[in-house]
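Examining the three-dimensional arrangement
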Amino acid sequence: MKNQRILSAALAVLMAGSLAACGGGAAGSAPASDTSATSSAASASQAAPVDEYKQYKGGDVVLATDAVFNNFFTPYQAGNAIAWGSFCMEPLGKKIQGTADDYDLVLAESFDVDEENFLVTIQVKQGIKFHDGTPLTAEDVAWTIQSWIDYGRGAQIGNPTEVRQTGDYTVEVQYPEFNVNYKTWLLPMQIFCKHTFDTIGLDAMMTSFNGTGPYVMDTYVEDYSLSFTRNEDYWQEHDWGPDTVTFLYTSDATSMAASVLNGDVDYMVMDAPETMELFEANGWELVPQFANAGNVSFVIPITNVPDDPWSNVKVREAVFSHGIDLVGAAAAIVGEAGYHTDAIGYKEATYYDEGLEFTSLDYELAKKMLAEAGYPDGFKTRIVADATTQTQATVIQAELKKLGIEAEVEMPDMNEMQKFWTGENTAGGLMVGAMYFADPILDRLDKFYGPYGYMAGCTDWTDEEYALYDNIRSAKSIEEQDELIYKFCVQFVQKDFHFLPIANAVGRAAVSDRLILGNMASLGISYWNPNMVGCKN
């Protein structure tokens, strides 16, 4: 039987000590594993010399964002709780940046994979309490995982066939087949309190946090702010860090920048050229976000409407391959902070190869191909966008006009936008989006853009796409998975033309002198470790 095992550092040290006491101190005596991992607490305690952020306790930190605070209970509905909740909510494990699939264990004591029986066994750490005093047990972990399934989002965690609580601190997750992504699916999952859900119900869970983390949710004001206060009873060592952390929302990058320059806000990320120029003109040195991720702007054609021009693959090929100045579009959208690639994600992704680049600008060829597809005079269409992608929409609108395609930009509310994603709205047209991508990109494909993702309903998927995507799920290694992702993306982007990358924005962060982030200044807030934040008073 082949097994993979991840142990928390505390348990690994304890086992090593036991082995040494028994005369078996050789490193090879440890349980077989192809993955090494340590708990985040142990990693911090082993750091030498003491990191600067540990020298500061107290103060109030304010972080600005242009992402709307939406659903906090992620098993129910897609939302950005993973970003705002990280100060309060904790996962089973946290990915180690720069690795393919190595994780620090957080709430999990161990994570075992039985490859032959497609079984994951999770031991939950003991002695941890939620902020309301409820003990964390296997029941909370099993219920959280099961909730993803019960609310119709099981595909995003690999569609387990059964979740079993087999002990007070033991959970088993049964899968129908082996997959290399068990860790990717389960370890980053934030664990929610079942007792809280039973007490306050689903609606209240959507706007509240009761976690195990170093900060406790204090206040929430819809479309404005979310604040946290220090958890004095935190289960890990945490004798540092600010007293409060507040997220402020604004869609206006200029006013956000002014707040940072005035000292009212300590951190913001930007990718708009004019905002970066404002900071540079004031003598700020901006911090580039880490290279193997970034915001990706893209176009998704609505192809599930038979009479719509975009349901014709020849139309999509003409426009997407030759009819849009993608380099110019990237410059117009994000300036010097970005670039264009035909790959989904970014050039540093592990699956990337030059063979993913295929577009070439040729307006006349695009017009000729449109005529051959039955549209010699172009056609009328719509571009669906929101407040965060309006610039992208107007850039694409201008490019389409050069081909005789008259596009009207529509900006529906979020409920109507979701109807376009899911295919409920059959008006046709193009959707413009922007989303943060990080390696592995399979996470975004699984959750949103692949054949089984949240936005799959707007696409008329081909048999080839389904077959290639299903092959990804059966990969036996990360390397094999990357090869299969490459093949799927070739089909998805440059054969079926169901997705068109427009611009990649490697953002820049403005960090005040008060804020001490350890090695996190270059990471998006979603990847912060809240135990590594300090504030100069």
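What counts and how
- Residues numbered from 1 in each chain as written.
- Predicted model: local features only at pLDDT ≥ 70, side-chain atom pairs only at ≥ 80, totals over all residues.
- Heavy atoms only, no water.
- pLDDT = per-residue confidence, 0-100.
- Contact = heavy atoms within 4.5 Å.
- Buried < 20%, exposed > 50% of the residue type's maximum accessible area, 1.4 Å probe, protein only.
- Helix = DSSP H or I, 4+ residues; strand = E, 2+ residues; numbered from the N terminus.
- Arc of directions from axis to C-beta.
- Pairing = 2+ DSSP bridges.
- Axes fitted to C-alpha atoms, helices over the stretch in contact; angles between N-to-C directions.
- Parallel < 35°, antiparallel > 145°, perpendicular 65-115°, else oblique.
- Left-handed = near helix turned anticlockwise from the far one by under 90°.
- Nonpolar A, V, L, I, M, F, W, Y, C, P; charged D, E, K, R; others polar.
- Polar contact = N/O pair within 3.5 Å; in protein donor to acceptor, adjacent residues only side chain to side chain.
- Lys, Arg positive; Asp, Glu negative; His and termini not counted.
- Salt bridge = Lys/Arg side-chain N within 4 Å of Asp/Glu carboxyl O.
- Patch = residues over 30% accessible without salt bridge, like charges linked within 9 Å, V, L, I, M, F, W, Y side chains within 5 Å.
- Areas by Shrake-Rupley, 256 points an atom, 1.4 Å probe, with all protein chains shown as cover.
- Charge placed at Lys NZ, Arg CZ, Asp CG, Glu CD.
- Phe/Tyr/Trp six-rings, centres within 6.5 Å; stacked < 30°, edge-to-face > 60°.

In the predicted model, the protein carries a mean pLDDT of 86, and the fraction of residues at 70 or more is 88%. Note that residues 13–49 has pLDDT below 50 and, in this model, 43 contacts with residues that lie over four places away or in other chains.

What follows is about helix H8 (residues 273–281). Along H8, the residues that are buried comprise Pro273, Thr275, Met276 and Phe279. For H8, the angular spread of buried residues about the axis comes to 165°, placing them on one side. More than 90 degrees from the buried face of H8, the exposed residues found are Glu274, Glu277 and Ala281. Phi turns positive, to about 80°, at Gly283, one or two residues after H8.

With that settled, consider the pairing of strand E11 (residues 244–249). Of the pairings in the sheet, the one linking strand E2 (residues 60–65) to E11 comprises six bridges and is parallel in character. For Leu63, the partnering residue across the bridge sits in E11 and is Phe247. Here strand E10 (residues 225–230) runs beside E11; their pairing, made up of five bridges, is antiparallel. In the strand pairing of E11, Ser227 is matched with Thr246.

So, about the packing of helix H15 (residues 463–473) against helix H16 (residues 478–494). Between two packed helices, what matters for the description is the angle formed by their axes and the separation of those axes. Viewed as axis vectors pointing N to C, H15 and H16 meet at an angle of 165°, and their least axial separation amounts to 8 Å. Compared by their axis directions, H15 and H16 come out roughly antiparallel. At the point where H15 passes H16, the crossing takes the left-handed sense. For the pair H15 and H16, contact is made by Glu464, Glu465, Leu468, Tyr469, Asn471 and Ile472 and by Gln481, Leu484, Ile485, Lys487, Phe488, Gln491 and Phe492, respectively. Here the residues of the contact of H15 with H16 are counted per class, giving seven nonpolar, three polar and three charged.

Let us look at unusual backbone geometry. A positive phi is found at Asp223, a non-glycine position, where the angle reads about 60°. Along the chain, Asp223 falls in the loop between strand E9 (215–221) and E10. Unusually for a residue other than glycine, Phe497 sits at a positive phi of about 55°. Relative to the helices and strands, Phe497 resides in the loop between H16 and strand E19 (500–505). Accessibility expressed as a relative area gives 3% for Phe497, which makes it buried.

In this section: helix H7 (residues 253–261). Every buried residue of H7 is accounted for by Met256, Ala257 and Val260. All buried residues of H7 fall inside an arc of 100° around its axis, so they share one side. Elements in contact with the buried residues of H7: E2, strand E12 (267–270), H8 and strand E20 (508–511). The N-capping residue of H7, defined by a side-chain oxygen 3.0 Å from the backbone nitrogen of Thr254, is Asp252. Once H7 finishes, Gly263 follows within two positions and takes phi at roughly 90°, a positive value.

This part takes up the packing of helix H9 (residues 313–322) against helix H11 (residues 363–372). Interaxial distance between H9 and H11 falls to 8 Å at its minimum, and their mutual angle equals 175°. Relative to H11, the element H9 lies roughly antiparallel. Along the contact surface, H9 presents Val315, Glu317, Ala318, Val319 and His322, while H11 presents Tyr363, Leu365, Ala366, Met369 and Leu370. Partitioned by chemical class, the residues of the contact of H9 with H11 number eight nonpolar, one polar and one charged.

What follows deals with the side chain of Asp496. Inspection of the secondary structure puts Asp496 in the loop between H16 and E19. Buried charge without a salt bridge: Asp496, with Arg316 as the nearest opposite-charge side chain at an N-O distance of 5.6 Å.

A surface patch of like charges, here negative, comprises Glu274, Glu277, Glu280 and Glu336. The exposure class of Glu277 is exposed, given its relative accessible area of 52%.

As a further point, take the pattern of salt bridges. Applying the stated rule across the entire model yields 13 salt bridges. Notably, a salt bridge pairs Lys194 with Asp198, separated by 2.9 Å at the nearest N-O pair. Of this pair, Lys194 and Asp198 both sit in helix H6 (residues 194–205), separated by four residues, roughly a single helical turn. Asp266 is the partner of Arg514 in a salt bridge, and the nearest nitrogen-oxygen pair spans 2.7 Å. Pair noted here: Arg514 is in the loop between E20 and strand E21 (515–516) and Asp266 is in the loop between H7 and E12, with a separation of 248 residues, a long-range link. Relative accessible area serves as the criterion here: at 2%, Asp266 is assigned to the buried category.

Aromatic ring pairs: the centre-centre distance and the angle between the two ring planes describe each pair. This structure, assessed with the given rule, holds 34 aromatic pairs. Each ring, one from Tyr449 and one from Phe499, has its centre 5.6 Å from the other, and the planes form 65°; the classification is edge-to-face. Remark: Phe499 occurs in the loop between H16 and E19 and Tyr449 occurs in helix H14 (residues 442–449); sequence separation between them is 50 residues. One exposure class covers both Tyr449 and Phe499, and it is buried. On the numbers, 5.2 Å between centres and 25° between planes, the contact of Phe488 with Phe492 is stacked. Highlighted residues: Phe488 and Phe492, both in helix H16, separated by four residues, approximately one helical turn. Among the aromatic residues, ring-to-ring pairing joins Phe298, Phe448, Tyr449, Tyr452, Trp461, Tyr466, Tyr469, Phe488, Phe492 and Phe499 into one connected group.

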